[in-house]
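# Structure assessment
Here is what each chain is made of, one letter per residue.
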Amino acid sequence: MSTREYNFADIEAKWQGYWEEIGLFRMDERSPRQKFYALVMFPYPSSVLHVGHGRNYIIGDVVTRYKIMRGFNVLSPIGYDAFGLPAENAAIQDGLHPAISTEQNIKRIRGQLKRWGLGYDWSREIATHEPEYYKWTQWVFLKLYEKGLAYRAEAPVNWCPSCATSLANEEVVAGRCERCEAEVETRYLPQWLFRITDYAQRLLDDLSLLDQWPQRVTVMQANWIGRSVGAQVEFRLAETNQPLPCFTTRPDTLFGVTFMTLAPEHPLIEKIVRDTPGEKEVLKFARRARSLRVQERTTPELEKEGIFTGKYVINPVNDEKVPLWVANYALMEYGTGAVMAVPAHDQRDFEFAKKYGLPIKVVIRPEGEELRSEEMSEAYIEDGIQVNSGKYDGLDNRTAMKRIVEDLAARGRGKEAVAYRIRDWIISRQRYWGAPIPIIYCDKCGEVPVPEEDLPVRLPEKIDFTPKGKSPLATVADFVNTICPHCRGRARRETDTIAQWLCSCWYFLRYLSPHASERPFDPTLVNKWLPVDQYIGGVEHAVLHLLYSRFIVKVLHDQGFVNFKEPFKALFTQGMIVKDGAKMSKSKGNVVSPDELIDKYGADTQRLYTLFIGPPEKDAEWSDRGVLGAFRFLKRLWDLVSEFAGEVKDANIEEIEPEALPPRMRRLHRKTHLTIKKVAEDIERSWHFNTAIAAVMELVNELGASRPQSPAASQPVGPSKAGPSGPSTDGQAAVLKEALEAAVMLLSPFVPHIAEELWETLGHKPSIFHQSWPAYDEEATVAEEIEIPIQINGKLRSRILVEAEATDEEIKSAALADQKVQKHTEGKEIKRTIIVPKRLINLVVK
RNA sequence: GCCGAAGUGGCGGAAUUGGUAGACGCGUCGGACUCAAAAUCCGGUGGGGCUUCAAACCCCGUGGGGGUUCGACUCCCCCCUUCGGCACCA
């Protein structure tokens, strides 16, 4: 037997070396071919990657290789999101400097990526912790600072006690730290923020440009931005006439306002209660309410509490005087921090009013019904007809809403307004392992940005990482003490670092000119290559990385640095791979290591199984048995090609004449073309690699059945070895060759190493990826005979074989001639006949 | 509570616009090869009924209940379950 061993280890090493050598994935800036930017979310270098991470990169690699074969000039870069807390926490634990552990991890991960056979342009590799990179992250910060989009404020922040740093709102999930799941506290600290709220409307509007994003991601972003349309209405303090604007989405209920509430943080509180009898009590209440933890403060379960300030405000629609309260459920960050309360038509206000005996005044009633406040057990929040609303009585509330706002606007006491749920983005981190914020504080000049030519502000290396609630950088005198760029006087540096999210907001621009030392990116190249044609990553970044990147790109666009508005044209979010029903994690002990798997079966097997496991956008359960199945398939393919290679070598595919072939070969020829058709459709239409692979498996099964020694293909092999693939059957050899080559090519983006090797076995010169993707012959996919199922009253009763071109009449008479059909129609009348061309016939009988 | 996705054999999953439900793989059962095992190859495999066995045949079957249709995993209505996201945002 001439069958060779499937020695995957050697094969994979061989071709990985070869691709590197010929620069298969090196992007050529001068190529005239159409560009395609394929991007995978770059890895965070914490320890090693598991097979779950692999899915992301494997899918990306399939896209890269497929697009290359489709003739595109592909850019497929890789890098490392290297700043961040885990490295620093590890340093605290075992004393290894983050710079060292990060470098070590990068080395290991780079090795893993290469062993997977992933195609990257390694000459463009970047890591965000390198000064050559973070210099430009700091530059981005300065660009925002110049436009007033970066500012410092003493803000109540989400504080993660375990990470010992502040967090952005996007990093808080259900009151817990997104990373470590510790409960988040509120602290008051001076922080650096980005005015992402200035871009809220555009971030929302431009979601409509992202028609190649999964809808759930755009919906999540829209929800996160949380736009509400309403009105800003100007109430005034009764004594001083000082304006106290509030935002409402229900100006139609203005006549039902019976009190007003202020957020405990509201700056006005202190002023208005000064020297009043209730001063102490009110301030005490406000302080207590403020100290609540974020998740306690913002749940509907919170017991609604408040206190009367002793002051009153005037309602602009009817000049009514209503009491002003402080309430624990009012939020300073939303609207104006002052809320008009309409207990009859808002559930929170209703509960509050009931508790404190405040009046409830109905101003909207359901159509055709009365509504009495004494009988209400909950607020009526639906639409209805205005009552107790002066001249607006009798109007439907939607109309009244518009009129009331118009009338207020005419009197200068209100206007249409929009409020957003999204908050400004807190980017300060009180930790070491990040890019220092490039700001200097000078006693004379105040806050001074570090001049561009002084970048990067380098991270000092020698440092004590132990978290103290403020940045470790504050303890390094050499770092803190500096000179003011303006007056040359003594000054101090900002000691917070930039949240790592900013590093990943622009890395996809850096890939175009990764080594440029004079600028962050090359504008010509960036404008040519962006937006990214296909971005691939996890859905967990829906409102973090993906929202932040959109924001930063818009800022850069506005300043003329780039000419596109959105960074990622198409997004694909792959599902998670779980094991034993849970996300893979070291602590759960359910991590499947790719390294062992590759040792045992090879990278191609792992790749094939990962792609075969299910539709890539869905979560999937990892199965060790499934891996074995993938391996078996590759081995079968290997044996088949090895076995046939010699016989088909001289055959000429061009000379196939289907009519001259025996039926089995004709079927294989047809199957080959059907498979070519299906695989491209599955890849292009829905990325369903699992069904594409299944189709090739079918082809290989069919091929296996064509083996000379297969009982189905020939008589038991006699003393003569000539068999059906002997010299007299060149046409048959050509069909076999065609099928083998198609199978190998169609699998090549999925299992590139074995494909290259078998391509060579079949007598071709590498690389298979220089071949263009196979095309199918429509004519070859047409069957001469087709099977038509026969239904009687919608139930399947029989099947008949008919000529593909058979007319309806012919099909019908063939069906009626069928024995089983006769049995079922005996003595009955055929009422109707439905024929779906080439699909089925249904006889309706009675 | 609101929004979204999903529910198909023992398991992962297939089924263009409504048109043969269960492709492909795993598992399992039977067989071949073997002293034996592994590997490999061949064949069966949704449930049930009928049947000595088999074939043939019949019934049921895509979370549950209705409906539309010649025909429904697919469309419509109601309900259940699971998973994601949001959740005092005025």
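This one's a predicted model, so the numbers in the text were calculated from it and none came from an experiment.

Cut-offs and rules
Residues numbered from 1 in each chain as written. Chains lettered and ligands numbered in written order. Predicted model: local features only at pLDDT ≥ 70, side-chain atom pairs only at ≥ 80, totals over all residues. Heavy atoms only, no water. Pairing = 2+ DSSP bridges. Helix = DSSP H or I, 4+ residues; strand = E, 2+ residues; numbered from the N terminus. Axes fitted to C-alpha atoms, helices over the stretch in contact; angles between N-to-C directions. Near = heavy atom within 4 Å. Polar contact = N/O pair within 3.5 Å; in protein donor to acceptor, adjacent residues only side chain to side chain. Nonpolar A, V, L, I, M, F, W, Y, C, P; charged D, E, K, R; others polar. Domains from an automatic or database assignment. Buried < 20%, exposed > 50% of the residue type's maximum accessible area, 1.4 Å probe, protein only. Patch = residues over 30% accessible without salt bridge, like charges linked within 9 Å, V, L, I, M, F, W, Y side chains within 5 Å. Areas by Shrake-Rupley, 256 points an atom, 1.4 Å probe, with all protein chains shown as cover. Salt bridge = Lys/Arg side-chain N within 4 Å of Asp/Glu carboxyl O. Lys, Arg positive; Asp, Glu negative; His and termini not counted. Charge placed at Lys NZ, Arg CZ, Asp CG, Glu CD. Core = buried A, V, L, I, M, F, W, Y, C linked by side-chain atoms within 4.5 Å. Contact = heavy atoms within 4.5 Å. Right-handed = clockwise from strand over helix to strand, strands pointing away. Phe/Tyr/Trp six-rings, centres within 6.5 Å; stacked < 30°, edge-to-face > 60°. Lys NZ or Arg CZ within 6 Å of the ring centre and 35° of its normal. pLDDT = per-residue confidence, 0-100.

Let us look at the sheet that holds strand E22 (residues 439-442). Either a parallel or an antiparallel arrangement is found when strands of a sheet pair, and the pairing is made through backbone hydrogen bonds. The 4 strands lie next to each other as E23-E22-E25-E24, forming an open sheet whose pairing is antiparallel. Bordering the open sheet on either side are strand E23 (446-449) and strand E24 (481-483), each of which pairs with just one other strand. Mean inter-strand twist for the sheet, computed between neighbouring axes without regard to direction, equals 40 degrees.

Turning to the protein's contact with RNA strand B, a few remarks are in order. Looking at RNA strand B, there are 53 residues lining it, with Thr-298, Leu-302, Tyr-334, Arg-421 and Arg-625 nearest. Expressed as a percentage, the sugar and phosphate content of the atoms of RNA strand B within 4 Å of the protein is 64%. At a separation of 3.5 Å, a sugar or linking oxygen of RNA strand B approaches a polar side-chain atom of Arg-839. Among the elements that make up the surface near RNA strand B, the one with the highest residue count is helix H21 (residues 689-704) (6 residues). Its residues placed into classes, the surface near RNA strand B shows 20 nonpolar, 13 polar and 20 charged.

Once that is clear, we can look at the domain arrangement of chain A. Per the domain assignment, the segments making up chain A are domain 1 (138-214 + 427-501), domain 2 (227-420), domain 3 (649-781) and domain 4 (785-845). A separation of 59 Å is found between the C-alpha centroids of domain 1 and domain 3.

A separate point is the environment of Gly-256. In this fold, Gly-256 is placed in the loop between strand E11 (243-248) and strand E12 (259-262). Under the relative-accessibility criterion, Gly-256 is labelled buried at 0%. Sequence spacing of Gly-256 and Leu-668 is 412 residues, and the spatial spacing of their C-alpha atoms is 78 Å.

Moving on: a positive patch on the surface. A cluster of basic residues, Lys-795, Arg-797, Lys-823 and Lys-828, forms a positive patch on the protein surface. With respect to the helices and strands, Lys-795 occurs in strand E33 (residues 795-803). Taking relative accessible area as the criterion, Lys-795 reaches 53% and is therefore assigned exposed.

Moving on: the nonpolar core. Ranked by internal contacts, the top residues of the largest apolar core, which has 101 residues, are Tyr-57, Leu-113, Trp-622 and Phe-750. Discounting chain neighbours no more than four positions away, the residues touching Trp-622 are Val-51, Ile-577, Val-578, Lys-579, Met-584, Val-592, Leu-597, Gln-606, Tyr-609, Thr-610, Ile-613 and Val-627. Counting 95 residues, the second largest nonpolar core, distinct from the first, contains Met-41, Tyr-44, Val-476 and Ile-552.

A few words on the pairing of strand E28 (residues 571-574). Residues Leu-571 and Thr-573 line one face of E28 and the alternating positions Phe-572 and Gln-574 line the opposite face, and both faces are buried. Relative to E28, strand E27 (residues 534-538) is paired through 4 bridges, and the arrangement is parallel. Among the inter-strand pairings, Gly-537 is bridged to a residue of E28, identified as Thr-573. Between the parallel elements E27 and E28, the chain passes through helix H16 (residues 545-558) in a crossover that is right-handed.

In the structure shown here, the tally under the stated rule is 47 aromatic pairs. Taking 5.3 Å as the distance between ring centres and 85 degrees as the angle between the ring planes, the aromatic pair formed by Trp-15 and Tyr-18 counts as edge-to-face. Of this pair, Trp-15 and Tyr-18 both sit in helix H1 (residues 8-22), 3 residues apart, which is roughly one turn of that helix. For the residue pair Trp-15 and Tyr-18, the accessibility class agrees, reading buried in each case. Members of the aromatic cluster, each reached through a chain of ring pairs, are Phe-141, Tyr-145, Trp-192, Phe-194, Tyr-199, Trp-425, Trp-501, Tyr-548 and Phe-551. Geometry around Trp-122 places Lys-114 over its ring, the cationic atom sitting 4.6 Å from the centre. The aromatic ring of Trp-224 is capped on one face by Arg-421, whose charged end is 4.3 Å from the ring centroid.

Okay, a negative patch on the surface next. A cluster of acidic side chains, namely Glu-654, Glu-655, Glu-657, Glu-659, Asp-777, Glu-778 and Glu-779, defines a negative patch on the protein surface. Along the chain, Glu-654 turns up in the loop between helix H19 (624-648) and helix H20 (663-686).

In this model, chain A carries an average pLDDT of 90, and 97% of its residues clear a pLDDT of 70 or more. Low pLDDT, under 50, characterises residues 709-728; the predicted model gives this stretch 17 contacts beyond four residues in sequence or across chains.

Another aspect to go through is the side chain of Thr-102. Residue position: Thr-102 is located in helix H4 (residues 98-115). For Thr-102, a relative accessible area of 1% translates into the label buried. In terms of polar contacts, Thr-102 uses its side chain to reach the backbone carbonyl oxygen of Pro-98, at 2.6 Å. Apart from residues no more than four positions distant in its own chain, Thr-102 is found in contact with Pro-45, Ala-82, Ala-87, His-129 and Trp-433.

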